[in-house]
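# Summary of the model geometry
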Amino acid sequence: MDLLLLLLAAAAPGVLGYSSGQVTDSCQDLLPRHRGQSPSTDSSPFSVTTDQSSFSPGEELTVWLRAPGSEPFTGFLLQAREVGGQTPVGSFFLSTQGARLLHCSLQPNSSVSHTSSSPKTFIQVSWTASEVTEPVQFHATFVKDYRTFWVDVTSPVVALNSSQESTNTTASPAATSSPQPAPSPDSISSEDCGTSKVCFSHPSRCNPDASRECFFMSAKVVTDAEVHYEVTGPSEGYVSFGFSDDQMMGNDDIYICGSSPDGQLWLRHAFSTGRRPPQTLPLGDVSGVRVSLKDGVISCSFTSRNPISIQRSAGLEASYHLMLASGPTDSSGQIRIHTQTSVSTEKVDISKPGVVGRAGWPHIIKAHGALMLIAWMTTGSLGMMVARFLKGSAAGRKLWGRDAWFSVHVAVMSLTVILTAIGFILSFAHVRVWSGGAHPVLGCLVLILSLIQPTLALVRCGPDHQLRFLFTWSHTLTAVAVKALAVSAIFTGLKLMDSSPGRWLMKVMGGFVGWEALFFLMLDLDFKCRLNGKGTKGSGMISSEVVMTGIYLLGNLTFLIALLTSILNCDPTVRGGAFSD
């Protein structure tokens, strides 16, 4: 018992450390609740600074918490207070990871703290001077470790502009060089596309102000060194845009707006090095950050003075391919591989307003889709139909020295396997990485089972062997499984490619599945009737199953042609992003 009490006593300081940043108990005095520990009396190595020395009511400031290069802090608490005041004023907006908003003194978003005890050297947030009537000072607590922390580290005083100065500035924006406050993300629209800003979206020319399904980004050059960016799209994780010198990921300058599972919203700057998660960069000279998550749509706007850098070139005067992507975040708020992507057809100079088109699917991917559709909507289906229902109609007829039905079955199923293998090789030769969610998994299973089927057929025992039933059942069940997986793979593939209004491709594929199921049931019913001696003949000497199979095949070809025509003319959809192959 004594040992248990000793262990509990030793663990108590860690329990009171608030490594998650939920430090509302410290809102008033900014003092960490570290039992038995007192604030350091030495000068703090950490600093609080702002991007402006004065402000007007309603204006936005950028606030930085900085650490010396080799001495990070693990926790912090930040507030703005009127000079001489004891309660927080204004409201914060997050523009960095590793920070959370707190409600102090019954005022929402009036304080900022850490989200974990991980080492930090730089934190950037935005603060809006709402209902502030006096000069303000930013107050911070920095925690280096459990025993070492500094309380009430302050920034220089930020002066409040007079009412007359504020009025003049608002009435004549050109009279000041200070950036204007960034608009709310809720106001993002395509209204000025082509006249004052460059816009890139999916679907093409969609308006995010009118459709929540619109993925959209814009860039508006404010001055020679300033660009105002907007990005929005439906995602529970993140939306992002980037600049690239080609249409492949790697050497890309990226901004990512996202939401963590704990509800925190953030903006990050990153650099993509290729087939790995992007490298997070300091946010840099960014201001006016607004991030929101509403009805499943993430919206973000900000003004940046950072040059665009893709290592091989840098600056605002060069041309770049624009990229849009979105995807999920994990439990810690880190981005996962994108599920939706789009890239511009050609390079764009963002200083020249315009509407940017999206690049089409590569021909090799279209060929992959076409081969898979042909294999599993026609040849594969025909081979299964022949083996199941046409044995009786072709009884006694020979083709290439074997029963006609068997020769046709072997020929079309061999063609199906060949088309599947070629389609599989084409897709992986182009992508060269495992990505795309369930679709490649289903494709691999289809290929594996497609190869197993002829292997089983080659080693099967004779028709009169006592174990023949094992081959018959395994061959049948494998055929059913590969057919179901192939249809699922086609659905997931079409979902990636379908940019049509109302998801038309998905509906056509659904119609095909219904058509095929109907004829399988009809042919199976006819087959059972013939076994019971109640079968019917078609006109002349053509049996009913041959007639139905012919009608079935014509319907399949109609659905196939509709889908082939669509995918050969479609462009990439962002359904299924930061760039992290």
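Scroll up for the structure.
Predicted model only: the values in this text are computed from it and were never measured.

Here is what the cut-offs are and how they apply
- Residues numbered from 1 in each chain as written.
- Predicted model: local features only at pLDDT ≥ 70, side-chain atom pairs only at ≥ 80, totals over all residues.
- Heavy atoms only, no water.
- Pairing = 2+ DSSP bridges.
- Helix = DSSP H or I, 4+ residues; strand = E, 2+ residues; numbered from the N terminus.
- Axes fitted to C-alpha atoms, helices over the stretch in contact; angles between N-to-C directions.
- Disulfide = S-S within 2.5 Å.
- Buried < 20%, exposed > 50% of the residue type's maximum accessible area, 1.4 Å probe, protein only.
- Expected span 1.5 Å × (residues − 1).
- Phe/Tyr/Trp six-rings, centres within 6.5 Å; stacked < 30°, edge-to-face > 60°.
- Parallel < 35°, antiparallel > 145°, perpendicular 65-115°, else oblique.
- Left-handed = near helix turned anticlockwise from the far one by under 90°.
- Contact = heavy atoms within 4.5 Å.

## A short note on the sheet that holds strand E21 (residues 321-327)
Sheet architecture is open: six strands sit in the order E18-E17-E16-E15-E21-E22, paired in antiparallel fashion. Both outer strands of the open sheet, strand E18 (279-281) and strand E22 (340-343), are each paired with one neighbouring strand and no more. Adjacent strand axes in the sheet meet at a mean angle of 25°, parallel and antiparallel pairs treated alike. In the sheet, strand E15 (residues 238-244) pairs with E21 via seven bridges, with the strands oriented antiparallel.

## Describing the state of the cysteines
Under the counting rule described, the total for this entry stands at four disulfides. One disulfide in the model links Cys193 with Cys199; its S-S distance is 1.9 Å. Residues Cys193 and Cys199 are joined through a disulfide that is left-handed, its torsion about the S-S bond being -90°. Judged by its relative accessible area of 3%, Cys199 falls in the buried class. Here Cys257 pairs with Cys300 through a disulfide, and the sulfurs are 2.3 Å apart. Because the sign of the S-S torsion sets the handedness, a value of about -55° for the bond joining Cys257 and Cys300 places this disulfide among the left-handed ones. Of the two residues, Cys257 sits in strand E16 (residues 252-259) while Cys300 sits in strand E20 (residues 297-304), which places them 43 residues apart along the sequence.

## Quick look at helix H8 (residues 544-567)
Spanning 24 residues, H8 covers 35 Å between terminal C-alpha atoms, matching the ideal 34 Å at 1.5 Å per step. Considered for burial, the residues of H8 that qualify are Ser544, Glu545, Met548, Thr549, Tyr552, Gly555, Asn556, Leu560, Leu563, Leu564, Ser566 and Ile567.

## Here we look at the sheet that holds strand E8 (residues 122-128)
Strands sit in the order E1-E3-E8-E5 across an open sheet of four strands; the sheet is antiparallel. Strands at the two margins of the open sheet, each flanked by one partner only, are strand E1 (47-50) and strand E5 (91-94). Strand-to-strand, the axes of this sheet are offset by a mean angle of 30°, without reference to chain direction. As paired elements, E1 and strand E3 (residues 60-66) share four bridges and run antiparallel to each other. Note on E3: the bridge partner recorded for Thr49 is Trp64.

## Topic: the packing of aromatic side chains
Centre-to-centre distance and the angle between the planes together describe a pair of aromatic rings. Counted according to the given criterion, the structure contains 23 aromatic pairs. Plain terms: the ring middles of Tyr229 and Phe302 are 5.5 Å apart, the flat faces sit at 45° to each other, and that makes the pair tilted. A residue pair is termed long-range when its members are at least 10 positions apart, and Tyr229 in strand E14 (residues 227-234) and Phe302 in strand E20 qualify at 73 residues. This pair shows no difference in class: Tyr229 is buried, exactly as Phe302 is. Ring geometry for Tyr255 against Phe302: centres 4.9 Å apart, planes inclined by 50°, an arrangement best described as tilted. Placement of Tyr255 in strand E16 and of Phe302 in strand E20 is noted, with a sequence separation of 47 residues between them.

## Describing the packing of helix H3 (residues 363-389) against helix H6 (residues 468-497)
Look at H3 against H6: their axes get within 10 Å of each other, and the N-to-C directions meet at 155°. Here H3 is positioned roughly antiparallel relative to H6, judged by the angle of their axes. Crossing angle aside, the handedness with which H3 passes H6 is left-handed. Of H6, the residues touching H3 (which contributes Met372, Leu373, Trp376, Met377, Ser381 and Met384) are Ala479, Val482, Lys483, Ala486 and Ile490.

Any link to function would need more than the numbers given here.
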